[in-house]
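What follows is the residue order along each chain.
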Amino acid sequence: MSVVKINAISVPEGAGPELEARFAARLGAVEQMPGFEGFELLRPTAGETRYFVYTRWGSEEAFRNWLESQQFQHGHGGDDSSRPSPIGTGSALLEFEVVDRA
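Bear in mind the structure is a predicted one, so any value in this text is a computation, not a measurement. (Residues numbered from 1 in each chain as written. Predicted model: local features only at pLDDT ≥ 70, side-chain atom pairs only at ≥ 80, totals over all residues. Heavy atoms only, no water.)

Caption draft 1: Geometry of the environment of Pro12. Note on placement: Pro12 falls in the loop between strand 1 (3-10) and helix 1 (16-25). Residue Pro12 is classed as partly exposed on the basis of its relative accessible area, which comes to 35%. Between the alpha carbons of Pro12 and Gly38 there is a distance of 26 Å; along the sequence they are 26 residues apart. When neighbours within four sequence positions are excluded, Pro12 is seen to be in contact with Ile87 and Thr89. (Helix = DSSP H or I, 4+ residues; strand = E, 2+ residues; numbered from the N terminus. Buried < 20%, exposed > 50% of the residue type's maximum accessible area, 1.4 Å probe, protein only. Contact = heavy atoms within 4.5 Å.)

Shown next, in the form of structure tokens:
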């Protein structure tokens, strides 16, 4: 059963383009991970201020393996202290199991 993880990132006004550029620069980092099924970066509209990072995985284990991978650590500052500071001012991880899909 697939699982969906949505990272809801609070982004200060005007910082959205920088967040989008950073994600664009890292396209391809997650696609090679076993169990990866899909990614979308969702820009807020209609009064929402959070960006949603939507990923779908073949299993919870596949997602956990991504979190422990060197690719994830590199992209999230785990192994690079020279990395620019985070743009987001907070985040929340929303977790779901896929029941139906068309």
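Structure shown, so let's carry the discussion forward.
Caption draft 2: Just the pattern of salt bridges, in detail. All chains considered together, the criterion is met by 9 salt bridges. Across the salt bridge formed by Arg43 and Glu20, the nearest N and O atoms sit 2.8 Å from each other. One end of the pair, Arg43, is in the loop between strand 2 (36-42) and strand 3 (50-57); the other, Glu20, is in helix 1, with 23 residues separating them in the sequence. A salt bridge links Arg101 to Glu37, with the nearest nitrogen and oxygen atoms 3.8 Å apart. With Arg101 in the segment after strand 4 (90-97) and Glu37 in strand 2, this residue pair connects regions lying 64 residues apart in the sequence. Taken together, the shared-partner salt bridges connect Lys5, Glu60, Arg64 and Glu95 into one network. (Salt bridge = Lys/Arg side-chain N within 4 Å of Asp/Glu carboxyl O.)

Caption draft 3: A look at the sheet that holds strand 1. The strand order across the open sheet formed by 4 strands is 2-3-1-4, and the pairing between neighbours is antiparallel. Two strands in the sheet have a free side with no partner beyond their single neighbour: strand 2 and strand 4. Here the average twist between neighbouring strands, direction ignored, is 15°. On the sheet, helix 1 packs against strand 1, strand 2 and strand 3 and is oriented at approximately 20° with respect to strand 3. (Pairing = 2+ DSSP bridges. Axes fitted to C-alpha atoms, helices over the stretch in contact; angles between N-to-C directions.)

Caption draft 4: Here's a closer look at the packing of aromatic side chains. Under the definition given, this model contains 5 aromatic pairs. Considering the side-chain rings of Phe23 and Phe39, the 6.1 Å spacing of their centres and the 20° angle between planes classify their relative orientation as stacked. Of this pair, Phe23 sits in helix 1 while Phe39 is found in strand 2, placing the two residues 16 residues apart along the sequence. One aromatic cluster is present, built from ring pairs that chain together Phe36, Trp57, Phe63, Trp66 and Phe72. (Phe/Tyr/Trp six-rings, centres within 6.5 Å; stacked < 30°, edge-to-face > 60°.)

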